[in-house]
Amino acid sequence: DYIQVEALLGLQCKKTILKDEMVFIIYHQINELLFKMILWEIEQISEDELISTEKFTKHLNRVSRYFDMLSNSFTIMGDGMDVEQYMKFRDTLTPASGFQSAQYRKIEFASTELINLIDFRYRKTINRNTEYSNAFDNLYWQVAGLDHKTGKKTKLIINFEEKYKDEFIDFMKKYNTTNLWTKFKNLPKKERNNINLVNAMRHYDHTVNISWVMHHLNAARKYLNSGEKSVDATGGSDWQKYMHPKYQ
């Protein structure tokens, strides 16, 4: 009763009769639970105005362990579903996509300064006086939500924004000066040179921006490149470019 097992086990709603769809649903629900744990730990760093390097390092290492777990878990999905089944039930998801994880976007906002999330082509047009809504429209992942032939937003991004844009902007404001990178930069110089904290920052950076992304990309490739030619993502994005670290 304490951890609400019955409610938790009743949250899997399949759209097809294909057995491996259950693997897909539960795996993504596990991801979202871990994202919630990550946000919980980041908040404890963000809200401590006089945080010590020991506490900063402790919570950051927790975050990294959660992301290590996520990065190392992609074989569950990559090797745990029949390609034939996946290619059938994925069609019922259109235009939804894993792209639409609001918690993952919040993790990005809470991890670094907003300018680092702006598409590099538009960074010179963004500064501290820029409206949050304008910055939002130029985030790096917005590029994946555009039809580059028409310049219009895809249904994927329209649905995402309708549900979360106001919430995202409030979150961007909340972490504007309390994100992990800013918190680190505002520490006294001696504290910034603490080797344990520096290593924790580097581990988190590498885990999220390299390991996690590449494991995700490789899992997607197994299915979306399984036929004679690459297929589109359910959300319609150019997923190979969107997901690869060098484009982010």
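Residues numbered from 1 in each chain as written. Predicted model: local features only at pLDDT ≥ 70, side-chain atom pairs only at ≥ 80, totals over all residues. Heavy atoms only, no water.

### Observations concerning empty space enclosed by the protein
Piece 1. Overall, the coordinates contain one cavity of 30 Å³ or more when judged by the stated rule.
Piece 2. As a volume, the largest cavity reaches approximately 50 Å³.
Piece 3. Looking at the lining of the largest cavity residue by residue, the class counts come to four nonpolar, three polar and one charged. (1 Å grid on protein atoms, 1.4 Å probe; cavity = no way out; pocket = protein on both sides within 12 Å on 5 of 7 lines; lining within 4 Å. Points joined across faces, edges and corners; volume = space filled by probe spheres on them. Nonpolar A, V, L, I, M, F, W, Y, C, P; charged D, E, K, R; others polar.)

### Focus on the layout of surface pockets
Piece 1. The volume enclosed by the second largest pocket comes to roughly 640 Å³.
Piece 2. Taken together, 23 residues make up the lining of the second largest pocket; nearest its centre are Ser111, Thr112, Tyr204, Asp205 and Asn209.
Piece 3. Counting residues per element, the ones that place at least two in the lining of the second largest pocket are α6 (102–111), α9 (180–185) and α11 (195–224).
Piece 4. For the lining of the second largest pocket, the element with the most residues is α11, which contributes eight residues. (Helix = DSSP H or I, 4+ residues; strand = E, 2+ residues; numbered from the N terminus.)

### Here's the deal with the packing of aromatic side chains
Both the distance between ring centres and the angle between the ring planes are used here to describe each pair of aromatic rings.
Piece 1. A complete count under the given rule lists 21 aromatic pairs for this structure.
Piece 2. Measuring from centroid to centroid gives 5.6 Å for tyrosine 164 and phenylalanine 168, while their planes differ by 20°, and the two rings are stacked. Taken together, the positions of tyrosine 164 and phenylalanine 168, both in helix α8 (residues 155–174) and four residues apart, correspond to about one turn of that helix. No difference in accessibility class separates tyrosine 164 from phenylalanine 168, as the two residues are buried.
Piece 3. An aromatic cluster is defined as three or more aromatic residues linked by ring pairs; in this entry it consists of Tyr27, Phe35, Phe67, Phe74, Tyr104, Tyr204 and Trp212.
Piece 4. Over the face of the ring belonging to phenylalanine 120 we find arginine 121, whose NZ or CZ atom lies 6.0 Å from the ring centre. (Phe/Tyr/Trp six-rings, centres within 6.5 Å; stacked < 30°, edge-to-face > 60°. Buried < 20%, exposed > 50% of the residue type's maximum accessible area, 1.4 Å probe, protein only. Lys NZ or Arg CZ within 6 Å of the ring centre and 35° of its normal.)

### Some words on the pattern of salt bridges
Piece 1. Tallied over the full model, the rule gives eleven salt bridges.
Piece 2. Residue glutamate 41 pairs with arginine 62 through a salt bridge whose shortest N-O separation is 3.3 Å. Pair noted here: glutamate 41 is in helix α2 (residues 20–46) and arginine 62 is in helix α3 (residues 53–71), with a separation of 21 residues, a long-range link.
Piece 3. According to the relative accessible area criterion, arginine 62 is partly exposed, its value standing at 28%.
Piece 4. Taking the shortest distance from any N to any O, the salt bridge between arginine 105 and glutamate 108 comes out at 3.1 Å. (Salt bridge = Lys/Arg side-chain N within 4 Å of Asp/Glu carboxyl O.)

### Points about α3
Piece 1. Counted at 1.5 Å a residue, the expected span for α3 with its 19 residues is 27 Å, and the 26 Å between its end C-alpha atoms agrees.
Piece 2. Residues of α3 that are buried include every one of Thr53, Phe56, Thr57, His59, Leu60, Val63, Ser64, Tyr66, Phe67, Leu70 and Ser71, and no others. (Expected span 1.5 Å × (residues − 1).)

### Concerning the side chain of serine 71
Piece 1. Relative to the helices and strands, serine 71 is located in helix α3.
Piece 2. By relative accessible area, which is 2% here, serine 71 ends up buried.
Piece 3. Within the structure, serine 71 has its side chain in polar contact with the backbone nitrogen of tryptophan 212 (distance 3.3 Å). (Polar contact = N/O pair within 3.5 Å; in protein donor to acceptor, adjacent residues only side chain to side chain.)

### Overview of the packing of α2 against α3
Piece 1. α3 packs onto α2 with a crossing angle of 170° between their chain directions and a minimal axis gap of 9 Å. Considering their axes alone, α2 and α3 lie roughly antiparallel with respect to each other. Contact residues: Tyr27, Asn31, Leu34, Phe35, Met37, Ile38, Glu41, Ile42, Gln44 and Ile45 in α2; Lys55, Phe56, His59, Leu60, Arg62, Val63, Tyr66, Phe67, Met69 and Leu70 in α3.
Piece 2. Among the residues forming the contact of α2 with α3, the class breakdown is 14 nonpolar, three polar and three charged. (Axes fitted to C-alpha atoms, helices over the stretch in contact; angles between N-to-C directions. Parallel < 35°, antiparallel > 145°, perpendicular 65-115°, else oblique. Contact = heavy atoms within 4.5 Å.)

### Some remarks on the nonpolar core
Piece 1. The biggest cluster of nonpolar side chains holds 60 residues, and the ones touching the most others in it are Phe56, Phe67 and Trp141.
Piece 2. It is α11 that provides the largest number of residues to this core, a total of ten residues. (Core = buried A, V, L, I, M, F, W, Y, C linked by side-chain atoms within 4.5 Å.)

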